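# Report on the structure
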Amino acid sequence: MMLAVLLMAGCASARVAGAEGSGGGLGRMEVEAQADARRAEVETALGHLWSVAGEEKKVGARLVFTFWAQNGALTLLRYREEPGHREGRRVAEDSFARQLRPLLTEYVRGRSGEVVLTLMRRESGWAVDSDATAQGSRPPEAKTQPVNRRGVPAETLAEASEVASKLASLLVVPSGGAASLRMEVVFEDDRITGWEHRGYQVVAGGGSPRALSEAFVEKIARVLLPFTHGVGRRTVALELRGETREGEAFAHGLVPEARTLHLIPESNVDPDFAAEYRALHEDILRRWREGVREGAELLAHYSLEEMSLWFVGGVLARGTGLLFEAVAPMVMRALTRGGMAAAGWFRTTLVRLPRAERHAFERLWMKVQMEGGEALSRAERDELLALMNRIERLIRTPLNEHERSALRDAARRYFQRSQPVLEKAMNIRGPYEIHHRCPLEYAHLFPAEDINAGANLKAVGQEVHQRISSVWTELRKYRSDVSRADVERVTSIIDEQFARWYEKPYARGDSTSELEMAMNAAKREVRSLFPSP
């Protein structure tokens, strides 16, 4: 079977640390790994080309493959086919590979843009024409990193064959005639997740229907397979045409066209966030494709910030939030706002999960992202839902001291990264602290908001922070059960009185009298808001 050509052994990972070498350049091992990945891209593309062309014996047949080439990666965007007439001589695979390999190798050596490869069947071989352009922008499904994996995994091959059989069953070809079928096939990374019927037409004839030949069913699978090398969710429009010939029991056919549809992005999606999510997801997907399937090993490469972005992006891009709507409505409300704000909120929330629970969550979410929610066993699905429900309860529960300490540390790291110049200046002048405008103590009153968001963090001198804290102490004298509205009112008072000291170097003893005046004024305003106990 020609599909077996695509099942090659050796999905060795190309993950290597760039520890060797010196300076800012790539280490020797990393350079070699990238070269290996480019060679793998070439051999995989060759396998797909031969899988289709190797079965085509009709002289005059024309096969057109359009790839996007970038950074050594090749992604199929379109395929077109025109029929031949009479049967020619057999073509050897090794001669086909010798002819095409140099051209594909040139494509992965720094070329960026669309490349069109046209194969024309001659009597004893294939004539090849190519056209490359650096114009145009990269389609969202196109890879930007080569993958060090040759061939196609067995499960992907089996899935493509199954889908091809189901699509072929919808193409009813009348005896002595021809028919066409248009379908839209939905892909999610390596997986084919569904399809929709887009039109059937009898072109000629009207006799009893004929079953499609096995060779044609295999051709459909061979055309679908290279589209599984894209990134993210996309739709491929597929046209099938079948016809019967006098005296033959089965209908034969061709695939006139298969092309990826480039949908208009949703207007309410932050393009910068979407781009960061796609880049991160592609990097994780590349490692997955190269054989890193153990969750702990794969996710060890990424920070908590990156994992939060990946989770939120997956909820928005793939609609997987439907899994959690019933058990975690407030979590979903926070996440579906999208963008970096949602990713920051989730990063802060994950800090509260014990390490074992966080690792379990990441392991299960990785399976959902890489294999789909349907890949979860009943026990895994229940475990993931229980973890989401646990997060829902956590965000409505006051922080304990350990959680507050972890979030204070995270807030300081955020400030150091986001404002290094000011952080250095404040360190030179004296000690400083991170002031949470809405205190950590009341985070549970704002469950859908990120208590560690940049807008809620202000660097202040230690003496300033002490005076601010005393204002909150004043509130507690008058309110044993503080409400969200109480916190918002007092936050506004403190901002009004102390904003002049926010994010400014402060030395001990500076403006002591002004600080005392600001503190006393704030306390008076708090007392005026609430009646005496």
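Residues numbered from 1 in each chain as written. Predicted model: local features only at pLDDT ≥ 70, side-chain atom pairs only at ≥ 80, totals over all residues. Heavy atoms only, no water.

### Concerning the side chain of Thr-66
One can find Thr-66 in strand 1 (residues 62–70). Excluding residues within four positions of it along the chain, Thr-66 makes contact with Thr-75, Leu-76, Leu-77, Arg-78, Glu-114, Val-115 and Val-116. (Helix = DSSP H or I, 4+ residues; strand = E, 2+ residues; numbered from the N terminus. Contact = heavy atoms within 4.5 Å.)

### Focus: the side chain of Thr-244
In this fold, Thr-244 is placed in the loop between strand 9 (233–243) and strand 10 (252–261). A polar contact is formed between the side chain of Thr-244 and the backbone nitrogen of Gly-176, at a distance of 2.6 Å. When neighbours within four sequence positions are excluded, Thr-244 is seen to be in contact with Val-173, Pro-174, Ser-175, Gly-176, Gly-177, Arg-210 and Ala-251. (Polar contact = N/O pair within 3.5 Å; in protein donor to acceptor, adjacent residues only side chain to side chain.)

### Some remarks on the pairing of strand 12 (residues 457–461)
Counting buried residues in strand 12 gives four out of five residues, a clear majority hidden from the surface. Two elements, strand 11 (residues 432–436) and strand 12, share five bridges in a ladder whose sense is antiparallel. Note on strand 12: the bridge partner recorded for His-436 is Leu-457. (Buried < 20%, exposed > 50% of the residue type's maximum accessible area, 1.4 Å probe, protein only. Pairing = 2+ DSSP bridges.)

### Notes on unusual backbone geometry
The backbone of Asn-71 sits at a positive phi, close to 50°, despite the residue not being glycine. Checked against the element boundaries, Asn-71 lands in the loop between strand 1 and strand 2 (73–82). Judged by its relative accessible area of 43%, Asn-71 is partly exposed. Backbone geometry places Glu-503, a non-glycine residue, at a positive phi of 55°. Structurally, Glu-503 can be placed in the loop between helix 15 (484–498) and helix 16 (512–529).

### Topic: a nonpolar patch on the surface
A cluster of nonpolar side chains, Val-172, Tyr-200 and Val-202, forms an exposed patch at the surface whose accessible area comes to about 230 Å². Inspection of the secondary structure assignment puts Tyr-200 in strand 7 (residues 191–204). A relative accessible area of 35% places Tyr-200 in the partly exposed class. (Patch = residues over 30% accessible without salt bridge, like charges linked within 9 Å, V, L, I, M, F, W, Y side chains within 5 Å. Areas by Shrake-Rupley, 256 points an atom, 1.4 Å probe, with all protein chains shown as cover. Salt bridge = Lys/Arg side-chain N within 4 Å of Asp/Glu carboxyl O.)

### Notes on helix 3 (residues 154–168)
Think of an α-helix as 3.6 residues a turn; residues three or four steps apart then line up on the same face. Taking 1.5 Å as the rise per residue, helix 3 with 15 residues should run 21 Å; its terminal C-alpha atoms sit 21 Å apart, in good agreement. Within helix 3 the residues assigned to the buried category are Thr-156, Leu-157, Ala-160, Val-163, Ala-164, Leu-167 and Ala-168. Down the axis of helix 3, the smallest arc covering the buried residues is 130°, so these residues share one side. On its buried face, helix 3 sits against strand 6 (178–188), strand 7, helix 4 (214–224) and strand 9. (Expected span 1.5 Å × (residues − 1). Arc of directions from axis to C-beta.)

### Quick notes on the confidence of the model for the protein chain
Scored by pLDDT, the protein chain comes out at a mean of 86, with 91% of its residues at no less than 70. In the predicted structure, residues 7–24 sits below a pLDDT of 50 and forms 34 contacts with residues beyond four places in sequence or in another chain. (pLDDT = per-residue confidence, 0-100.)

### What to know about the environment of Trp-501
Relative to the helices and strands, Trp-501 resides in the loop between helix 15 and helix 16. Considered as a pair, Trp-501 and Tyr-107 are 394 residues apart in the sequence and their alpha carbons are 58 Å apart. Excluding anything up to four places from it in sequence, Trp-501 contacts Ala-459, Val-460, Val-464, Tyr-506, Ser-511, Glu-514, Leu-515 and Ala-518.

### Notes on the packing of aromatic side chains
Under the criterion given, the structure shown has 13 aromatic pairs. Ring geometry for Phe-311 versus Phe-361: centroids 5.2 Å apart, planes at 50°, classification tilted. In this pair, Phe-311 is assigned in helix 7 (residues 304–318) and Phe-361 in helix 10 (residues 355–371), connecting sequence segments 50 residues apart. Take Phe-311 and Phe-361: they sit in the same class, and that class is buried. Between the aromatic rings of Phe-498 and Trp-501, the centroid separation amounts to 6.0 Å while the plane-to-plane angle is 50°, which identifies the pairing as tilted. Using a relative accessible area of 8% as the deciding quantity, one classes Trp-501 as buried. Taken together, Phe-311, Phe-324, Trp-345, Phe-346, Phe-361 and Trp-365 form an aromatic cluster joined through their ring pairs. The lysine or arginine in question, Arg-412, covers the ring of Tyr-432, its NZ or CZ lying 4.6 Å from the ring centre. (Phe/Tyr/Trp six-rings, centres within 6.5 Å; stacked < 30°, edge-to-face > 60°. Lys NZ or Arg CZ within 6 Å of the ring centre and 35° of its normal.)

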